[in-house]
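Results of the structural survey
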Amino acid sequence: MPLPISSSLSSLLEIQELDFAATAAQKRSDSLPERNLLIKLSARITRSRAELAAAQAEQKQIEKEEEALGASVAELNSAIEAADVERYSGKRIDRDEASEHDTEQAKRRGEKAAIEEKEMELLESMEAAEDKAAKIDAEIKEIHAEGVSVQSGVRAVEAEVAAELEEIAKKRMALATGLPGEIMAAYDRVRAQKGKAGRGVTSLSEGSCGACSIKLPSLEFTRMRDEPADALIQCPQCRRLLIRE
Ligand SMILES: [Zn+2]
């Protein structure tokens, strides 16, 4: 004796509701706008890190130039001091030599002053480069903190969805156990097909397919109606499994 319809295949419609709920839950997680935001933040961090590296390289370059200038000043100081020691050592020199000494010393002092001026400019550039690097560094930390916060929001939704999916899977398994394997296989096959919108089963009501709305020829309908309750019946047009009402 065939099983009453309500206790056999109609649970397939409940399974389908669960499958829709699972798809919706997964979509809720997959389409979180925060995921795009995370990608953008990650790109911004990459860009800022490159800017920071450039600012730090600039700082190093200025330091190197500053060192070279410092060495030149030290050299000039030594030369000035040595010339003065020589000049005032008590050695007698004539007016021309004295004048030459003064000219040379003035030239050295002039060079030194020019270099020191350059050093001042470099110090200003150095400060600017340091400020720039510090600002970028602070930006990176800010972006990172935002990323961590957004990430934790995404993880929370993922955990919620995972729990929901687990619950759905349990219910689905309980319902599927009561159905013939071939029915479940046919349902899964049809709903996975292109253009089926995940709908593998529908009701057959008043001779029409609940999904594609085709009106079945009355001969076909009569044949279907008389099949055993757990028989696999499919819409001749869209191939969806049909549950008789
Ligand atoms: Zn159909």
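This text gives an overview of the structure that appears in the document. Just so you know, these numbers come straight off a predicted model, no measurement behind them.

On to the sheet that holds strand β2 (residues 208-209), then. By way of backbone hydrogen bonds, the strands of a sheet pair with one another, either parallel or antiparallel. With respect to topology, three strands assemble into an open sheet ordered β2-β1-β3, the strand pairing being mixed. This sheet does not close on itself; its edge strands, each paired only once, are β2 and β3 (241-244). Alignment of strand β1 (residues 201-205) against β3, held across four bridges, turns out to be parallel. For Ser 203, the partnering residue across the bridge sits in β3 and is Ile 243.

With that out of the way, let us pick up the coordination of the zinc ion. A metal bound by six donors in octahedral fashion has ideal angles of 90 or 180 degrees, whereas one bound by four tetrahedral donors has an ideal angle of 109.5 degrees. Those donors, Cys 209 (SG), Cys 212 (SG), Cys 235 (SG) and Cys 238 (SG), are the protein atoms that reach the zinc ion, and they lie 2.3 Å from it. Taken together, the four donor atoms surrounding the zinc ion define angles of 105 to 115° at the centre, an arrangement classified as tetrahedral. Sequence spacing of the donors to the zinc ion: C-x2-C-x22-C-x2-C. With Cys 212 in the loop between β2 and α5 (218-225) and Cys 235 in the loop between α5 and β3, this residue pair connects regions lying 23 residues apart in the sequence. Classification of Cys 212 by relative accessible area gives partly exposed; the value is 25%.

Moving on, we come to the side chain of Ser 29. For Ser 29, the position within the fold is in helix α1 (residues 11-30). A relative accessible area of 4% means that Ser 29 is categorised as buried. Residues within four places of Ser 29 in sequence aside, it is in contact with Arg 35, Val 157, Glu 158 and Val 161.

On to helix α4 (residues 181-192). Here α4 is twelve residues long and its end C-alpha atoms lie 17 Å apart, about the 16 Å a rise of 1.5 Å per residue gives. All buried positions along α4 are accounted for by Ile 183, Met 184, Ala 186, Tyr 187 and Val 190. Taken down its axis, α4 places every buried residue within 165° of arc, on the same side. Projecting away from the buried face of α4 at angles above 90 degrees are the exposed residues Gly 181, Glu 182 and Ala 192.

This part is about the pairing of β1. Within β1, four of the five residues are buried, which leaves the element mostly enclosed by the surrounding structure. The sheet contact formed by β1 and β2 spans two bridges and is antiparallel. Each bridged residue has a counterpart across the sheet, and for Ser 205 the counterpart in β2 is Ser 208. As consecutive antiparallel partners, β1 and β2 are separated by two residues, and within that stretch Glu 206 has a phi angle of approximately 50°, a positive value.

What counts, and at which threshold
Residues numbered from 1 in each chain as written. Predicted model: local features only at pLDDT ≥ 70, side-chain atom pairs only at ≥ 80, totals over all residues. Heavy atoms only, no water. Pairing = 2+ DSSP bridges. Helix = DSSP H or I, 4+ residues; strand = E, 2+ residues; numbered from the N terminus. Donors = N, O, S within 2.8 Å, 3.2 Å for Na, K, Ca; no water. Tetrahedral: all angles 85-135°; square planar, octahedral: opposite > 155°, others 65-115°. Buried < 20%, exposed > 50% of the residue type's maximum accessible area, 1.4 Å probe, protein only. Contact = heavy atoms within 4.5 Å. Expected span 1.5 Å × (residues − 1). Arc of directions from axis to C-beta.

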